[in-house]
Structure formats: C-alpha cells, structure tokens
Amino acid sequence: DAGITQSPRHKVTETGTPVTLRCHQTENHRYMYWYRQDPGHGLRLIHYSYGVKDTDKGEVSDGYSVSRSKTEDFLLTLESATSSQTSVYFCAISSRGSGANVLTFGAGSRLTVL
Amino acid sequence: DAKTTQPNSMESNEEEPVHLPCNHSTISGTDYIHWYRQLPSQGPEYVIHGLTSNVNNRMASLAIAEDRKSSTLILHRATLRDAAVYYCILRDLAGGTSYGKLTFGQGTILTVHP
C-alpha cells in the first residue's frame, strides 16, 4: 500500500451528531483530497488541500469542513451529520498538482447516518 | 475540466483483450488523459495516463487518437481481477487552480467472464 490510511473504516452515527474522518499519509505529499461516492453520482470532490493550513472547497462542500494542521493528516468534519451524508468517503493524496500527476486513494470510510 | 464520455458497461472473456473507449471531443491541448479503475469495495487506483503519444505500462496500454478527441484503454489479457469500473479523466497540464484534483464521471463497468 502507498502509505495512506483512513479511519474509521466504518461508522454508524445518528442525525445531528458531529463526525470526524481522518486521513493519514506517510508519503509527505503536499496535496490531499476528500471525495464522497454515492450510487448514481460516482466520486465527487468535497474539499482539498494544497499544503498545511491551505484548503479549498470542492463541488459538494456544504455541510463539511476540513483541517490540515500538519502534512500527514487531513481531517474531514461533519459538524451535524444528516442522512444525506451517508456515503463512502475516500481520501486521496498526490505529490504535485500538475496534470501529469497521479492520485493515490485510501481504502475508504463507510459512514451511515441514521 | 473537459467532459469525457464512456460506455456504461462492457463485457469480456477471460484471457481475451479488452478495448475500453473514451470520447473527449472538447479536450484542450494541455489536458492529460488519465485512467483509473475501482475494484469492488476498494478505492480507485491509477492505471495509466498520457498526453499525445501511446503509452504502455505493466497494467495496460493507452492508445490516443491523432486528434486526441478519443482514446482507448487496452487490457491485453483480461483476468477476473480486472473486473472493475474504469474511469477516463482529463487533467490540465498546468494544474493551476485545480490543484490536481480529479473530476470523475460514471465510468465503464467491465465484466469479465471465466
């Protein structure tokens, strides 16, 4: 494996509770991304980071926040989880932001919001 | 990002070659063509990428049309482990404000028969 781990891998929570998903890398890559995957929608970008404390929104960022206080960790937080946020979440990393660069994905975190 | 069009599904027999097409008629001169695949219950994984010339690696070959408006991912001998969703994605050469993020479409579901 490329040195990217996500935790937790599975979580069941209730509507209105806060949830934090963690992405940890050992590759020292600058760029990190959070995607969600839902049936019929493929993978959609939530937020991404291009350096420590440098983050930006993706196409489906409402209801999510992120933080990156150190290179190796990128946290995705759902402040108040809703059933529409039930999904599989994937973290990805890359060393550069250019078009030739390759993304490496984690194994995913399956979140169920009841 | 420019749009790509792929067939929803394709089937193949084990040990036969598979040609997965992708149309990208609005591709710009600085767009790289990337292919990723996603095996069941796993995160996407990189397969291959190219800009203008055909490319080969241990996993597959990428054939790019001369006008770059289409490309074909070639699996030379399909195995059961190649059954996955294959995504064709365009990424700008310079990266710029996209910071290397990928925009996924629906992909092609490849079924491999024994």
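Everything below is about the structure printed above this text.
Here the structure is a predicted model, which means the values were calculated and not measured. (Residues numbered from 1 in each chain as written. Chains lettered and ligands numbered in written order. Predicted model: local features only at pLDDT ≥ 70, side-chain atom pairs only at ≥ 80, totals over all residues. Heavy atoms only, no water.)

Caption draft 1: The arrangement of the pairing of strand S4 (residues 31-38) of chain A in detail. Residue and element names in this part refer to chain A. Among the 8 residues that make up S4, 8 are buried, leaving the element largely enclosed by the rest of the structure. Covered by surrounding structure in S4 are Tyr31, Tyr33, Tyr35 and Gln37 together with Met32, Trp34, Arg36 and Asp38, the residues of both alternating faces. Direction of pairing for S4 relative to strand S9 (residues 87-94): antiparallel, over a ladder of 7 bridges. Paired with Tyr33 across the two strands is Ala92, which belongs to S9. Counting the residues in the hairpin turn of S4 and strand S5 (residues 42-51) gives 3 residues, including Gly40, whose phi is positive at 85°. (Buried < 20%, exposed > 50% of the residue type's maximum accessible area, 1.4 Å probe, protein only. Helix = DSSP H or I, 4+ residues; strand = E, 2+ residues; numbered from the N terminus. Pairing = 2+ DSSP bridges.)

Caption draft 2: Up close: the packing of aromatic side chains. Per the stated rule, a full pass over the model turns up 10 aromatic pairs over all chains. Ring geometry for Tyr35(A) and Phe104(B): centres 5.7 Å apart, planes at 85°, overall edge-to-face. One end of the pair, Tyr35(A), is in strand S4; the other, Phe104(B), is in the loop between strand S8 (84-92) and strand S9 (108-113), on a second chain. Aromatic side chains Tyr36(B) and Tyr46(B) sit 5.8 Å apart centroid to centroid with 75° between the ring planes, which places their arrangement in the edge-to-face category. Of this pair, Tyr36(B) sits in strand S3 (residues 31-38) while Tyr46(B) sits in strand S4 (residues 45-50), and the two are 10 residues apart along the sequence. Looking at Tyr46(B), the relative accessible area reads 24%, which means it is partly exposed. (Phe/Tyr/Trp six-rings, centres within 6.5 Å; stacked < 30°, edge-to-face > 60°.)

Caption draft 3: Quick peek at the pairing of strand S2 (residues 18-23) of chain B. All names here are of chain B. Of the two faces of S2, only the one carrying Val18, Leu20 and Cys22 is buried; His19, Pro21 and Asn23 on the other face are not. Here S2 runs beside strand S7 (residues 70-75); their pairing, made up of 6 bridges, is antiparallel. Each residue of the ladder has a partner; that of Cys22, found in S7, is Ser71.

Caption draft 4: Local environment of the state of the cysteines. A complete count under the given rule lists 2 disulfides over all chains for this structure. Note on cysteine connectivity: Cys23(A) is disulfide-linked to Cys91(A), with sulfurs 1.9 Å apart. Where Cys23(A) bonds to Cys91(A) through sulfur, the torsion about that S-S bond is close to -75°, and the disulfide is left-handed. With Cys23(A) in strand S3 (residues 19-25) and Cys91(A) in strand S9, this residue pair connects regions lying 68 residues apart in the sequence. For Cys91(A), a relative accessible area of 0% gives the class buried. At a sulfur-sulfur separation of 2.1 Å, the disulfide partner of Cys22(B) is Cys88(B). For the disulfide bridge between Cys22(B) and Cys88(B), the dihedral angle about the S-S bond is near -85°, and by the sign convention the bridge is left-handed. Of this pair, Cys22(B) sits in strand S2 while Cys88(B) sits in strand S8, and the two are 66 residues apart along the sequence. The class for Cys22(B) is buried, based on a relative accessible area of 1%. (Disulfide = S-S within 2.5 Å.)

Caption draft 5: Representation of the sheet that holds S9(B) in the model. All names here are of chain B. Spatially, S1-S9-S8-S3-S4 is the arrangement adopted by the 5 strands of the open sheet, whose pairing is mixed. Every other strand in the sheet has two partners, leaving strand S1 (9-13) and S4 as the edge strands with one partner each. Averaged over all adjacent pairs, the angle separating strand axes in this sheet is 25°, with direction ignored. The sheet contact formed by S8 and S9 spans 3 bridges and is antiparallel. Each bridged residue has a counterpart across the sheet, and for Ala84 the counterpart in S9 is Leu110. (Axes fitted to C-alpha atoms, helices over the stretch in contact; angles between N-to-C directions.)

Caption draft 6: Layout of the sheet that holds strand S6 (residues 61-64) of chain B. With respect to topology, 4 strands assemble into an open sheet ordered S2-S7-S6-S5 (chain B), the strand pairing being antiparallel. Whereas interior strands pair on both sides, the edge strands pair on one side only; in this sheet they are S2 and strand S5 (55-56) of chain B.

Caption draft 7: Region of interest: the pattern of salt bridges. By the definition in use, this model includes 7 salt bridges over all chains. Within the structure, one salt-bridge network assembled from shared partners comprises Arg22(A), Lys70(A) and Asp73(A). (Salt bridge = Lys/Arg side-chain N within 4 Å of Asp/Glu carboxyl O.)

Caption draft 8: Broad picture of unusual backbone geometry. Residue and element names in this part refer to chain A. For the peptide bond that leads from Ser7 to Pro8, omega is -10°, which places it in the cis range. Counting through the fold element by element, Pro8 comes out in the loop between strand S1 (4-7) and strand S2 (10-13). One non-glycine residue, Asn28, lies in the positive phi region at around 60°. One can find Asn28 in the loop between S3 and S4.

From the geometry alone we can't say anything about function, so treat these as descriptive.
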